[in-house]
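# Observations on the model geometry
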Amino acid sequence: MDDAPLHASEAKAPLALILVVDDNPINRKKLRIAVNNLGHDAELAVDGREALEMLTERDFDAVLLDIVMPEMDGFDVLSRMKANPSTRDVPVIVVSALDDETESVVRAIELGAEDFLPKSFDLVILKARLEASLSRKRFRDQEKEYFGRIERLTAAAEKLEHGRFDPDSLALDDLVRHNDPLGRLAAVFRGMANEIYERELKLHRAIATLQGAFLVLAVGLVWGLTPALSRMAAGLGSNPLGLAVWVNGIAALLCLGIACYRRCLPQLSWKELRFFVYWAVIAGILQRMTTFVAAANVEAAMLSLIVTLQGFIVFAVAAVTGMERANAKRLMGLLVGLSGVSLVLFTRFDVAAGAQKAWLIFAMLLPLLFALEALVLAGKRPSHVDIFASVGLMMGLSAAFLAPVAWATDSLLPLGPDIGRLEMLVLLMGLVGASSLLLAFHLVATAGAVFYSQSAYAMTIAGVVWGMLLLGEELSPLAWLAFATIILGMYLVEPKRNDEELLIKRSFAQ
Amino acid sequence: MRDDVIDPSALERLLAAIGGDPEDLEELLGDFQHEGPRTLSQMQSAARAGDRDALRISAHSLKSNARDFGAVALATACEGTEHAAITDELEALRMRVHLIATELDRACGALAKLAQRDG
């Protein structure tokens, strides 16, 4: 590109491509030879229609146009060229026998022809008229290109006004490459926008991490309540299976009730319904049953530690499938979190008391199932289905699956109609179950499966915290250190990055 | 020697316009030997069919070639037909075309002779 776009045509003009339009083959050939002798290329059109077609297919620098032609004459060609923005600026020189076509020449010039050439032309005249038209065209092209760049810069400024600072959205890359004042202005403009975008992006990510961390802690805290409540319910004569039917059923009613109130009950396709069935089987049946069996045979602290492995499983799957970023920093974050949890578990509990190897291997199913749930939720969740409806459907389906088993094994809990302590407890557990899943669902959707999987750490710590609160124990400095380590881990893991462009609300115009 | 049918200065102008290469001029002269009769035949068909516009355009086309090659009488006959095409009786137009045929024949013959002499 030229450095001085508005002062062109002083250097040696490049070859031009000229379109010769004439129905007379001898005239066409004559003009072609003449144009070639001037050092330009010529292409020939036998009539107006062919000329218009060729003009849309290639960029011509000028047209030598005969006026009297059958079917579509030179005036028609000229009018159509001027009406089409892509051919409007191609200069047209009409070729005429001046002696008896003066009126035609006048009309052609009124229609936008650049110049005229007598049929019995002199090569010098052709050269002069062609060069004059070509240099005007070059000047106009450069002017158009320059104004086009100004328009693009203005459009980019408009985008900034709408909060779009992402350099990719501004699309100024090719403008920046021009080594002229406008190119330098574009470079400064893009550089500043980029700087602001990067800064805002960092801030946005920090906020997302903070929000995600709070959610992880909240999920952990709510989930951490479940074992304590289950133990209390067991003390009141409940059994795990019957309890699960009631708790899931209540949670389902609660969530679906809210979805109904929000008028968000979905119309599901078979494929979507299948997703909820899978989810109910994984989370409502397999996880629950595995937990019951593993909890009976593996020491609780050891089980907590094993559950935390889900983060690494999710990470590995994310790395293989590419569904999320899987870099050293995030892996390091997971390891830091694990060390925080281990710090608590190894110092407070006798992990070594553990269990037989076979049960430890069986317990490994748990993190696998949790990871599977996180991945299914992150990857296959029908995103248009409301969060309350989603959780309600899953809980409802798992209650429906478990109920026949509970009935067959005589484990159905006869609750009500009087509201006693057990009824209140079951209601509370339903509430806790629903809210923990809602939080988890939201967390997976916003922060991704890898970040969500850290809730296993929070759950373990929460178990300790609830124990401490309930037993009135003080939090030791070691526990505080463990908390800090887990938080540091979350900072390193960072929530998944959103592909959508960050909009920055800012107004510069008055 | 001055030819009655062809004006040699027109041929010189044409040669200058196409850059001065006699071979190019020869090629154009060759083209005229078959394009001229072809245009005439179009004029004859148009005159027979009463297609005045086609007759006018063909006459215009042949006129410009005739001028380029210095066929003055042919050019004049074509110019007259071009103007008369819209207004004159068809019979009169057919007469004009007949005249053009004669002039074209003469012009082609004279040009062929010239080409032979120069070649």
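Fair warning: this is a prediction, and the values are worked out from it, not measured in the lab.

Reading the values: rules and limits
- By convention here, each chain's residues receive numbers from 1 onward along its written sequence.
- Naming scheme: in the order in which they are written, chains are lettered from A and ligands are numbered from 1.
- Where totals are concerned, whole chains, interfaces and linings use all residues; where local detail is concerned, this predicted model gives features only for residues with pLDDT of at least 70, and gives and counts side-chain atom pairs only at 80 or more.
- A helix here means a DSSP run of H or I that spans at least four residues, while a strand means a run of E at least two residues long, and both kinds are numbered starting from the N terminus.
- Exposed residues have 12 or fewer other C-beta atoms within 10 Å of their own C-beta, buried residues have 20 or more, and partly exposed residues fall in between, where C-beta atoms are placed from the backbone.
- Here, residues touch in the contact sense if the C-beta positions derived from the backbone fall within 7 Å of one another.
- The score called pLDDT rates the predictor's confidence residue by residue, from a low of 0 to a high of 100.
- A crossover gets the label right-handed when its path from the first strand over the helix to the second runs clockwise, viewed with the strands pointing away from the viewer.
- Lines fitted to C-alpha atoms define the axes, with helix axes restricted to the stretch in contact, and inter-axis angles between N-to-C directions lie between 0 and 180 degrees.
- Comment on the angle field: the value is read as roughly parallel under 35 degrees, roughly antiparallel over 145, roughly perpendicular from 65 to 115, and oblique elsewhere.
- Crossing handedness is defined as follows: a turn of the near helix away from the far one that is anticlockwise and smaller than a right angle gives a left-handed crossing, while the clockwise case is right-handed.
- Each residue is assigned to one class: nonpolar for Ala, Val, Leu, Ile, Met, Phe, Trp, Tyr, Cys and Pro, charged for Asp, Glu, Lys and Arg, and polar for all the others, Gly among them.
- Any two strands with at least two DSSP-identified bridges between them are counted as paired.
- Under the convention used throughout, the expected extent of a helix is 1.5 Å for every residue step, that is, one less than its residue count.
- What we call a nonpolar core is a set of buried Ala, Val, Leu, Ile, Met, Phe, Trp, Tyr and Cys residues whose membership is set by joining through C-beta atoms within 7 Å.

Moving on: the overall build of chain A. Looking only at helices and strands, chain A features 20 helices and five strands. In chain A, buried positions account for 40% of the 510 residues. The long-range share in chain A, meaning contacts at least 24 apart out of those at least 6 apart in sequence, stands at 81%.

Once that is clear, we can look at the overall build of chain B. Within chain B, the secondary structure is distributed over five helices and zero strands. What you see in chain B, going N to C, is helices and strands ordered as α-α-α-α-α. Considering only contacts in chain B between residues 6 or more positions apart, those separated by 24 or more positions represent 62%.

Attention shifts here to the confidence of the model for chain B. Do not read the fine detail of predicted coordinates wherever pLDDT is low. Residues and elements named next belong to chain B. Chain-level pLDDT for chain B is 90 on average; 96% of the residues reach the 70-or-more range. No element of chain B has a lower mean pLDDT than helix 5 (residues 90–118), which averages 90, and none a higher one than helix 4 (residues 72–84), which averages 94. Scored as a whole, the predicted complex attains pTM 0.55, and scored at its interfaces, ipTM 0.92.

All names here are of chain A. Burial analysis of strand 3 (residues 62–66) places five of its five residues in the buried class, which makes it a mostly covered element. What you see with strand 3 is no split at all: Ala62, Leu64 and Asp66 on one side and Val63 and Leu65 on the other are buried throughout. Of the crossover connections in this fold, the one passing from strand 3 over helix 3 (residues 74–83) to the parallel strand 4 (residues 92–96) is right-handed.

By secondary structure assignment, the location of Lys127 of chain A is in helix 5 (residues 123–161). In sequence terms Lys127 of chain A and Gly39 of chain A are 88 residues apart; their C-alpha atoms lie 9.9 Å from each other.

Below, the discussion takes up the packing of helix 9 (residues 240–261) of chain A against helix 17 (residues 421–447) of chain A. Residue and element names in this part refer to chain A. Packing of helix 9 against helix 17 brings their axes to within 8 Å, and their N-to-C directions diverge by 60°. Accordingly, the angle class assigned to the pair helix 9 and helix 17 is oblique. In this structure, helix 9 crosses over helix 17, and the sense of that crossing is right-handed. Taking contact as the criterion, the partners of Leu243, Trp246, Val247, Asn248, Ile250, Ala251, Leu254 and Cys255 in helix 9 are, on helix 17, Val426, Leu427, Met429, Gly430, Leu431, Gly433 and Ala434.

On to the interface of chain A and chain B. Between chain A and chain B, the contact holds 18 residues from the first and 18 residues from the second. By residue number, the principal contributor to the side of chain A that touches chain B is helix 1 (residues 25–37) of chain A, which donates eight residues. Here the residues of the side of chain A that touches chain B sort into nine nonpolar, four polar and five charged.

What follows is about the environment of Trp279 of chain A. For Trp279 of chain A, the location among the structural elements is in helix 10 (residues 270–297). Excluding its chain neighbours within four sequence positions, the residues that come into contact with Trp279 of chain A are Val376 and Met394 of chain A.

Here we come to the confidence of the model for chain A. On average, chain A scores 83 in pLDDT, and the residues at 70 or more come to 90%. Counting interchain partners and residues more than four positions distant, the pLDDT-below-50 stretch residues 1–11 of chain A has 18 contacts.

Residues and elements named next belong to chain A. Pairing in this open sheet of five strands is parallel, and the strands run 2-1-3-4-5 from one edge to the other. A single partner strand is all that each edge strand has here, and the edge strands are strand 2 (41–45) and strand 5 (115–118). Recorded for the sheet is a direction-independent mean angle of 25° between the axes of neighbouring strands. Sheet analysis places strand 4 next to strand 5, joined by four bridges and oriented parallel. Counterpart to Ser96 in the pairing with strand 5 is Pro118. In the packing of helix 3 onto the sheet, the strands contacted are strand 1 (17–21), strand 3 and strand 4, and the crossing angle to strand 3 comes to about 150°. Most of the contacts of helix 5 go to strand 5, to which it runs at about 160°, and overall it touches strand 3, strand 4 and strand 5.

Before going further, it helps to examine unusual backbone geometry. All names here are of chain A. The phi angle at Glu71 is positive, at roughly 65°, despite the residue not being glycine. Following the sequence through the fold, Glu71 ends up in the loop between strand 3 and helix 3. You can call Glu71 exposed: it has 10 C-beta atoms within 10 Å.

All names here are of chain B. For helix 3 (residues 52–68), spanning 17 residues, the distance from its first C-alpha to its last is 24 Å, which sits close to the expected 24 Å at 1.5 Å a residue. Burial analysis of helix 3 places 14 of its 17 residues in the buried class, which makes it a mostly covered element. Just past helix 3, the residue Gly70 takes up positive phi, approximately 75°.

Turning our eyes to something else, we now look at the packing of helix 2 (residues 22–49) of chain B against helix 3 of chain B. All names here are of chain B. Relative orientation of the contacting elements helix 2 and helix 3 amounts to 160°, with a least axis distance of 8 Å. Judged by the inter-axis angle, helix 2 sits roughly antiparallel to helix 3. The interaxial crossing formed by helix 2 with helix 3 has left-handed handedness. Where helix 2 abuts helix 3, its residues Phe32, Glu35, Gly36, Thr39, Gln42, Met43, Ala46 and Ala47 lie against Ala54, Leu55, Ser58, Ala59, Ser61, Leu62 and Asn65. In terms of residue class, the contact of helix 2 with helix 3 is made up of eight nonpolar, six polar and one charged.

Within the largest apolar cluster, 93 residues are counted, with the highest numbers of intra-cluster contacts made by Val314, Ala374 and Ile461 of chain A. Top element by residues in this core is helix 9 of chain A. It accounts for 12 residues. Look past the residues within four positions of Val314 of chain A in its chain and what remains in contact with it is Ala371, Ala374, Leu375, Ala449, Val450 and Ser453 of chain A. In terms of nonpolar packing, the next biggest core, distinct from the first, is built from 71 residues, Ala42, Leu78 and Leu134 of chain A together with Leu55 of chain B among them.

Further remarks concern the environment of Asn27 of chain A. Among the structural elements, Asn27 of chain A can be located in helix 1. Sequence separation between Asn27 of chain A and Asp66 of chain A is 39 residues, and the spatial gap between their C-alpha atoms is 9.2 Å. Setting aside chain neighbours within four positions, we find Asn27 of chain A in contact with Asp22 and Asp66 of chain A together with Ser64 of chain B.

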